[in-house]
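# Structural description and commentary
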Amino acid sequence: MDKQFLIQEINRLKQQKNAVILAHYYQNEDIQDIADFVGDSLELSKKAQATNADVIVFAGVHFMAETAKILNPSKKVLLPDLNAGCSLADGCDPKDFKIFKEKYPDHVVVTYINCSAEIKAMSDLVCTSSNAKKIIGSIPHNKKIIFAPDQNLGNYLKKETQRDLVLWEGSCVVHEAFSLDKLIEIYIKNPTAKIAAHPESESHILKTAHYIGSTSGIINFIKTDPASVFIVATEAGILHQLSKTVPDKTLIPAPSTEDNSCACSECAFMKINTLEKLLQCLSNESPEIKISEPLRVKALQPIERMLELS
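Residues numbered from 1 in each chain as written. Predicted model: local features only at pLDDT ≥ 70, side-chain atom pairs only at ≥ 80, totals over all residues. Heavy atoms only, no water.

In this section: the UniProt feature "binding site: iminosuccinate" (unreviewed entry) in the protein. UniProt's feature table lists "binding site: iminosuccinate" (unreviewed entry) at H24, S41, Y112, I113, N114, S129, H198, P199, E200 and T215, given in the numbering used throughout. When the annotated set is filtered for residues lining the largest cavity, what remains is H24, S41, Y112, I113, N114, S129, H198, E200 and T215. Beyond its immediate stretch of four places on either side in the chain, H24 contacts Q32, V38, G39, D40, S41, L44, A59, M64 and M270. The class for S129 is buried, based on a relative accessible area of 18%. In this view, S129 contacts Y112, H198, P199 and S214; residues no more than four positions away in its chain are not counted. (UniProt positions renumbered as here; feature names shortened; annotations may be inferred. 1 Å grid on protein atoms, 1.4 Å probe; cavity = no way out; pocket = protein on both sides within 12 Å on 5 of 7 lines; lining within 4 Å. Contact = heavy atoms within 4.5 Å. Buried < 20%, exposed > 50% of the residue type's maximum accessible area, 1.4 Å probe, protein only.)

Another aspect to go through is the nonpolar core. Core analysis: the largest hydrophobic core is formed by 81 residues, its most contacted members being V110, F147, L157, I222, I231 and M306. In terms of residues, this core owes the most to one element, helix 4 (residues 62-71), which gives six residues. Those residues in contact with I231 that lie beyond four places of it in its chain are L183, I186, Y187, A193, K194, I195, A196, I252 and A254. If you look at the next biggest cluster of nonpolar residues, it comprises 18 residues, including A19, I31, A59 and L278. (Core = buried A, V, L, I, M, F, W, Y, C linked by side-chain atoms within 4.5 Å. Helix = DSSP H or I, 4+ residues; strand = E, 2+ residues; numbered from the N terminus.)

Most of helix 12 (residues 215-224) is tucked away: seven of the ten residues are buried. Taken together, the buried positions of helix 12 are occupied by T215, S216, G217, I218, I219, F221 and I222. Where helix 12 is buried, its residues meet helix 3 (41-50), strand 9 (194-197), strand 10 (211-212), strand 11 (229-233), helix 13 (238-245) and strand 12 (250-253).

It is worth spelling out the pairing of strand 3 (residues 55-59) at this point. Within strand 3, five of the five residues are buried, leaving the element largely enclosed by the surrounding structure. Residues V55, V57 and A59 line one face of strand 3 and the alternating positions I56 and F58 line the opposite face, and both faces are buried. Pairing geometry for strand 3 and strand 4 (residues 76-78), over three bridges, is parallel. Considered in strand 4, the bridge of V57 is made with L78. Handedness of the crossover is the feature at issue here: the chain leaves strand 3, passes through helix 4, returns alongside strand 4, and the resulting connection is right-handed. (Pairing = 2+ DSSP bridges. Right-handed = clockwise from strand over helix to strand, strands pointing away.)

The geometry of helix 3 relative to helix 4 is characterised by a closest axis approach of 9 Å and an angle of 35° between their N-to-C directions. As helix 3 packs across helix 4, the resulting crossing turns out to be right-handed. Counting all contacts with helix 3, which are made through S41, S45, A48 and Q49, the residues of helix 4 involved are F63, M64, T67, A68 and L71. Residue composition of the contact of helix 3 with helix 4, by class: five nonpolar, four polar and no charged. (Axes fitted to C-alpha atoms, helices over the stretch in contact; angles between N-to-C directions. Left-handed = near helix turned anticlockwise from the far one by under 90°. Nonpolar A, V, L, I, M, F, W, Y, C, P; charged D, E, K, R; others polar.)

Let's shift gears to the environment of P149. With respect to the secondary-structure elements, P149 resides in the loop between strand 7 (144-148) and helix 9 (151-161). Taking C-alpha positions, P149 is 6.4 Å from Y112, a pair spaced 37 residues apart along the chain. When residues no more than four places from it in sequence are discounted, the contact partners of P149 are L88, C92, Y112, N114, C115, W168, E169, G170 and S171.

With that settled, the discussion passes to unusual backbone geometry. Residue A148 is joined to P149 through a cis peptide bond whose omega torsion reads -5°. In this structure, the amide linkage connecting S286 to the following residue, P287, adopts the cis form with an omega of 5°. Mapped onto the secondary structure, P287 falls in the loop between helix 14 (275-284) and helix 15 (293-309). Positive phi values are uncommon outside glycine, yet N18 reaches one of about 50°. Relative to the elements of secondary structure, N18 occurs in the loop between helix 1 (3-16) and strand 1 (19-24). Unusually for a residue other than glycine, E285 sits at a positive phi of about 50°. With respect to the helices and strands, the residue E285 is situated in the loop between helix 14 and helix 15. Accessibility expressed as a relative area gives 23% for E285, which makes it partly exposed.

For the rest of this paragraph, the subject is empty space enclosed by the protein. Per the counting criterion, the structure on display carries two cavities of 30 Å³ or more. Here the residues of the lining of the largest cavity sort into 14 nonpolar, twelve polar and three charged. Considering only enclosed or pocket space, the second largest cavity measures out at about 30 Å³ in volume. The set of elements that each furnish at least two residues to the lining of the second largest cavity consists of helix 3 and helix 4. Here the residues of the lining of the second largest cavity are counted per class, giving four nonpolar, three polar and no charged. (Points joined across faces, edges and corners; volume = space filled by probe spheres on them.)

This brings us to the state of the cysteines. By definition, a disulfide links two cysteine residues through a covalent bond between their sulfur atoms. Tallied over the full model, the rule gives zero disulfides. Take C86: it sits in no disulfide, and the sulfur closest to it among the cysteines is that of C172, at 6.5 Å. According to the relative accessible area criterion, C86 is buried, its value standing at 11%. (Disulfide = S-S within 2.5 Å.)

Turning our attention to the pattern of salt bridges. Across all of its chains, the model carries 13 salt bridges by this definition. Linking E9 and R12 is a salt bridge whose minimum nitrogen-to-oxygen distance equals 2.9 Å. Here E9 and its partner R12 are both found in helix 1, three residues apart, which amounts to about one turn of the helix. For E285, the salt bridge goes to K76, with nearest N and O atoms at 2.8 Å. Remark: K76 occurs in strand 4 and E285 occurs in the loop between helix 14 and helix 15; sequence separation between them is 209 residues. (Salt bridge = Lys/Arg side-chain N within 4 Å of Asp/Glu carboxyl O.)

So, in structure tokens, the structure goes:
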């Protein structure tokens with residue numbers, strides 16, 4: 001189908017149905033360009049809450065659309081493809097997590113937003129990579145903490161906050177795919193470059209970084225730092241918006257161990273969404289994200305605590 005036709009039809013239906021399109025930074029470039037808002041988890045959660053639209057189309061992955069529905073019970077929330085999952089969310093089964101949580105009955109449960117509504121409902125607090133340190137810091141020092149589902153972010157937080165966190169053993173396949181050897185090779189060729197890494201990356205990658213932060217944090221760092229060359233250790237989709245913002249800077253995606261078309265680390269789940277699926281989803285108002293009201297209310301509480309703190 002012709003790309004221009006798809007864009008025109010999506011924009012027409014968006015107006016007709018009073019819809020808003022939210023896109024994560026890791027989406028395909030075409031989807032980022034047509035979106036009303038492009039951002040990371042926290043930004044898009046806030047946009048979802050603030051929008052006056054009747055329909056929210058969340059071009060991202062399943063847990064993100066769920067979060068939008070938790071925050072917007074009266075709005076119709078659509079996800080272009082229900083198969084857009086997440087290795088972190090999918091790797092933390094609610095039944096298994098319930099058993100894990102029961103081993104530590106006196107612990108405060110903090111979960112990374114990259115988890116299902118069921119896991120959020122079992123949590124005391126939710127966090128994102130941009131506010132995780134603040135959320136952990138808000139918990140009194142005499143309280144013990146469970147952190148799930150990302151063990152790499154958890155290990156980073158242990159060092160940063162000096163807190164003893166009990167970690168669920170989960171990880172993001174994208175951020176675990178970076179090759180240290182290849183990264184060092186690129187850095188040797190670009191000795192003036194600065195390395196910016198997402199805290200979901202493994203510790204050996206984080207040790208090389210000049211800056212560690214969320215997707216938005218990395219963008220702000222690259223915008224404001226005087227360096228002219230950056231090696232970016234997060235999902236390569238971030239480079240699309242960045243290259244528009246800093247056209248005079250050289251942006252190099254951190255290399256992956258995998259042999260793929262761009263030699264970078266890409267999220268296959270994020271790339272499932274396409275303009276064709278976005279149009280079909282708006283046209284049919286499906287697939288729709290539905291959450292039972294008791295579960296939504298329970299999952300909302302730790303998100304609201306996070307939004308108050310952040």
